[in-house]
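Below are the chains, spelled out letter by letter.
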Amino acid sequence: MDNNLQKNRILIVDDASANIKIIGGTLKTDYKISFATNGQDALKIASSDPSPDLILLDIMMPGMDGYEVCRRLKSDKRTQNIPVIFLTAKSEEEDEAKGLELGAADYIIKPFSPGIVKARVKTQIELKKHRDHLEELVKKRTAELVHANEHLQEEISERIKAEDELKKAKVAAEVANEAKSQFLANMSHEIRTPMNGVLGMINLLIDTELTDEQREYAEMTRSSAEFLLSVMNDLLDFSKIEAAQIHLEMVDIDLKAMLEDVVGMLAMRSLKKGLELTCLIEHNVPAYVRTDPGRVKQILINLLGNAIKFTERGEVYIRTSVEHETENSFTLRFEIVDTGIGIPEDRIETLFNYFSQIDNSMSRKYGGIGVGLAISKQLSLLMGGKIGVKSEIGKGSTFWVTLVIEKQKDLTKKKILPIEEIKGLKVLIVDDNETTIKALKEQLISWNCYCDDAKNGNYAIEKLNRSVENKEPFHIIFIDVHLPEMDGKTLGEKISSHVIFKQMAMVLLTPIGYRGDVKKLKEFGFKAFLTKPLKHLQVFDCLKNLRGVGFGPTIVAKPASVVSTIEEDRKKNIRILLAEDNLVNQKLALRLLEKLGYKSDAASNGKEAVVALEKTNYDLVLMDVQMPEMDGFEATKIIRDTKSNVLRHDIPIVALTAHAMKGDRERCLEAGMDDYLSKPIKPDKLFEIVERYLFK
């Protein structure tokens with residue numbers, strides 16, 4: 001038989017013959033290739049027998065573009081199950097979103113790496129094979145079990161046969177589960193490897209001299225990357241929860257800063273939909289607690305992300321309060337409130353089940369894999385809490401979760417804000433959003449400031465006049481840029497034109513990413529501006545700085561670089577070897593080590609690492625696991641072998657890897673490595689582990 005007939009069939013649709021030749025050349029070794037240069041021909045080939053197993057589809061084509069081709073494919077029963085991967089130069093986020101909403105399985109942007117194309121094609125082909133196999137298996141087993149049940153009472157032999165079939169089905173399910181776990185492990189590695197480079201390079205960029213605008217863009221990029229990583233973590237946690245492998249990592253944190261970071265991560269998503277996103281923290285909520293911040297963030301990001309996803313207009317906010325307090329802990333209640341589509345009452349009971357959507361159309365319209373709420377429920381139970389929801393169709397939902405959070409033992413070294421510097425300030429808040437007003441009031445009250453509010457410009461001017469008449473004028477006025485009837489800038493200009501208001505400092509509240517004319521704002525009389533969602537430290541610094549005369553946004557210091565606590569002369573003689581095949585991750589790790597003050601060399605695979613260790617007496621090895629020629633496990637085996645030629649067989653080896661599934665850590669330790677650090681790598685974690693093995 002012709003081997004070509006056994007290959008999976010790939011249809012390449014592109015009006016440029018050069019692109020077809022390049023893509024076909026990349027895939028022809030492993031697949032049977034056919035092609036079409038327009039949409040009509042593509043639809044004919046797709047509906048023919050045999051149909052292709054996968055379609056690589058360009059978007060920008062004359063006559064019928066790729067979006068329309070995909071829509072028709074997914075609406076035709078003959079072709080709706082064929083995976084479609086868009087392969088296009090259209091790189092805007094909305095282009096990719098549109099393609100995925102139409103039912104595409106993946107989206108690759110030109111210019112592309114042949115290796116990435118092959119890997120993604122292979123993944124989709126394997127998924128289709130696995131899906132088809134499971135569907136056939138389910139049909140077969142269902143038919144057999146129905147037949148067995150019909151004759152169960154008539155013949156005892158049929159009962160034995162049914163039991164035997166159940167055993168076979170169990171074996172098949174275990175095989176399928178193992179395949180799923182392997183797929184998740186591969187996906188984790190393929191995503192975490194580039195994400196390590198993305199997040200690492202962004203962190204290095206943020207640690208350089210940037211303008212306020214550049215820093216804001218970089219922070220937004222980092223937030224988006226972290227959000228993408230959280231989706232990946234949901235998939236991994238699903239696997240871990242199934243195997244009861246979830247563990248909490250308790251650390252001391254600043255709770256208010258963490259909550260504001262969570263809201264900040266989703267600020268751009270809410271802004272794009274025109275939603276008001278607010279973080280409301282009641283003034284009696286403790287700032288410093290001890291918990292697992294990663295898991296708390298994961299729960300809140302899932303709930304907030306869903307709220308934004310299912311809300312088309314209005315607002316979304318998170319409200320944090322203390323529900324109960326003991327000598328050693330707080331039970332905190334987090335409520336995520338939205339004005340979205342609401343949830344039918346008969347669907348609430350199943351909402352927290354795995355792979356559950358309100359209906360099948362939800363995943364197509366809004367996306368999502370249906371595990372976020374189920375994982376959040378399991379995590380809340382693990383942290384001693386509960387989770388639930390109240391909802392009304394067309395009016396919105398309130399998801400709530402309670403968590404038991406430990407108190408920090410020693411607060412003597414915590415930095416306390418010098419509220420004496422702003423105590424007694426009189427502040428007027430001009431905003432038409434009640435949640436924003438309440439959130440800002442809660443914060444100001446905790447700092448012993450007096451505050452009042454107005455919903456529009458005319459009412460604000462009335463209150464300002466009354467305060468002057470009563471000889472208790474406001475010191476500072478927070479004004480939202482978007483107000484009904486009279487916008488914030490116009491109100492500011494009107495206030496600044498009155499001599500009696502001259503001593504009052506105005507602060508403009510703008511959406512994140514606002515690019516107003518700063519000089520023009522100064523002419524309107526504003527002394528500063530802050531971006532929403534507001535952060536309490538920025539608000540505090542703004543109030544403190546407004547005692548001066550400068551104009552501009554509150555200055556937020558860039559994140560401090562990791563500061564070495566080890567004497568420089570101790571570091572001069574230390575040599576670290578990095579084994580990493582990915583050039584971006586290699587450069588990132590070397591740069592991080594350099595910033596920590598260490599000398600380091602790089603090897604591109606395990607074989608090069610072994611050769612380097614035979615020539616140089618290194619102090620520590622950071623070893624990637626998956627590398628060409630020789631992987632990290634084989635290299636470690638050679639290093640630990642006393643018969644090998646390496647200079648130090650007991651050198652500390654730390655796995656530096658994108659493998660983050662259950663059992664990966666144990667596998668590294670069993671191979672002879674001393675520790676395990678998963679990607680994306682955080683500078684503080686790298687610093688901690690290097691210090692641990694160099695100066696323990």
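See the structure printed just above.
One structure accompanies this document, and this report is about it. Since we're looking at a predicted model, the values are computed, not measured.

Cut-offs and rules
Residues numbered from 1 in each chain as written. Predicted model: local features only at pLDDT ≥ 70, side-chain atom pairs only at ≥ 80, totals over all residues. Heavy atoms only, no water. Helix = DSSP H or I, 4+ residues; strand = E, 2+ residues; numbered from the N terminus. Axes fitted to C-alpha atoms, helices over the stretch in contact; angles between N-to-C directions. Parallel < 35°, antiparallel > 145°, perpendicular 65-115°, else oblique. Left-handed = near helix turned anticlockwise from the far one by under 90°. Contact = heavy atoms within 4.5 Å. Pairing = 2+ DSSP bridges. Buried < 20%, exposed > 50% of the residue type's maximum accessible area, 1.4 Å probe, protein only. Polar contact = N/O pair within 3.5 Å; in protein donor to acceptor, adjacent residues only side chain to side chain. Phe/Tyr/Trp six-rings, centres within 6.5 Å; stacked < 30°, edge-to-face > 60°. Lys NZ or Arg CZ within 6 Å of the ring centre and 35° of its normal.

**Notes on unusual backbone geometry**
- Pro 50 follows Asp 49 through a cis peptide bond whose omega is 5°.
- Mapped onto the elements, Pro 50 comes out in the loop between α3 (39–47) and β3 (54–57).
- Here the residue pair Lys 532 and Pro 533 is connected by a cis peptide bond, since its omega of -5° sits within 30 degrees of zero.
- For Pro 533, the position within the fold is in the loop between β17 (526–532) and α19 (536–545).
- A positive phi angle, near 60°, is found at Lys 471, a position not held by glycine.
- Residue position: Lys 471 is located in the loop between α16 (457–469) and β15 (476–480).
- With a phi close to 65°, Glu 629 is a non-glycine residue in the positive phi region.
- Locating Glu 629 in the fold gives a position in the loop between β20 (620–623) and α23 (632–640).

**Brief notes about the packing of helix α9 (residues 255–265) against helix α11 (residues 293–309)**
- Where α9 meets α11, the closest approach of the two axes is 10 Å, and the angle between their N-to-C directions is 40°. Taken together, the axis directions place α9 and α11 in an arrangement best described as oblique. Of the two elements, α9 crosses α11, and the hand of that crossing is right-handed. Here α9 contributes Met 258, Leu 259, Val 262, Val 263 and Met 265 to the contact with α11, which in turn contributes Pro 293, Val 296, Lys 297, Leu 300, Ile 301 and Leu 304.

**Regarding the sheet that holds strand β21 (residues 653–657)**
- The strand order across the open sheet built from 5 strands is β19-β18-β20-β21-β22, with neighbouring strands paired in parallel fashion. The open sheet terminates on both sides in strands that have one partner only, identified here as β19 (599–603) and β22 (675–678). Strand-to-strand twist across the sheet, computed as the mean angle between neighbouring axes with direction ignored, equals 20°.
- By the bridge criterion, 4 bridges tie β21 to β22 in an arrangement that is parallel. Paired with Thr 657 across the two strands is Ser 678, which belongs to β22.
- The strands touched by helix α22 (residues 606–615) are β18 (575–579), β19 and β20; relative to β18, the strand with the most contacts, the crossing angle is about 160°.
- Most of the contacts of helix α25 (residues 683–694) go to β22, to which it runs at about 165°, and overall it touches β18, β20, β21 and β22.

**Considering the side chain of Lys 110**
- With respect to the helices and strands, the residue Lys 110 is situated in the loop between β5 (106–109) and α6 (114–150).
- On the basis of relative accessibility, which here comes to 18%, the residue Lys 110 falls in the buried class.
- Of note is the side chain of Lys 110, whose polar atom sits 3.1 Å from the side chain of Asp 14.
- Ignoring anything within four residues of it in the chain, the contact list for Lys 110 reads Asp 14, Asn 19, Asp 58, Leu 87, Thr 88 and Ala 89.

**Describing the packing of aromatic side chains**
- For the structure on display, the rule yields 4 aromatic pairs.
- Taken together, a centroid distance of 5.4 Å and an interplanar angle of 75° make the contact between Trp 447 and Phe 540 edge-to-face. Here the residue Trp 447 occupies a position in the loop between α15 (434–446) and β14 (450–454), and Phe 540 occupies one in helix α19, the gap between them amounting to 93 residues. In terms of burial, Trp 447 and Phe 540 fall into one category: buried.
- Ring geometry for Tyr 450 against Phe 474: centres 6.4 Å apart, planes inclined by 25°, an arrangement best described as stacked. With Tyr 450 in strand β14 and Phe 474 in the loop between α16 and β15, this pair connects stretches of sequence that are 24 residues apart.
- For Tyr 450, a relative accessible area of 47% corresponds to the partly exposed category.
- Chaining the aromatic ring pairs together yields one cluster made of Tyr 67, Phe 86 and Tyr 107.
- The residue whose ring lies beneath Lys 407 is Phe 330, and the NZ or CZ to ring-centre distance is 4.9 Å.

**What about the sheet that holds β5?**
- Strand order in this open sheet of 5 strands is β2-β1-β3-β4-β5, and the pairing throughout is parallel. Looking along the sheet, the strands with just one partner apiece sit at the ends: β2 (32–36) and β5. The mean angle between the axes of side-by-side strands here comes to 20°, regardless of whether they run parallel or antiparallel.
- Taken together, the 5 bridges between strand β1 (residues 9–13) and β2 define a ladder with parallel strand orientation. For Ile 10, the partnering residue across the bridge sits in β2 and is Ile 33.
- Helix-sheet contacts for α3 involve β1, β2 and β3, and the interaxial angle to β2 is about 145°.

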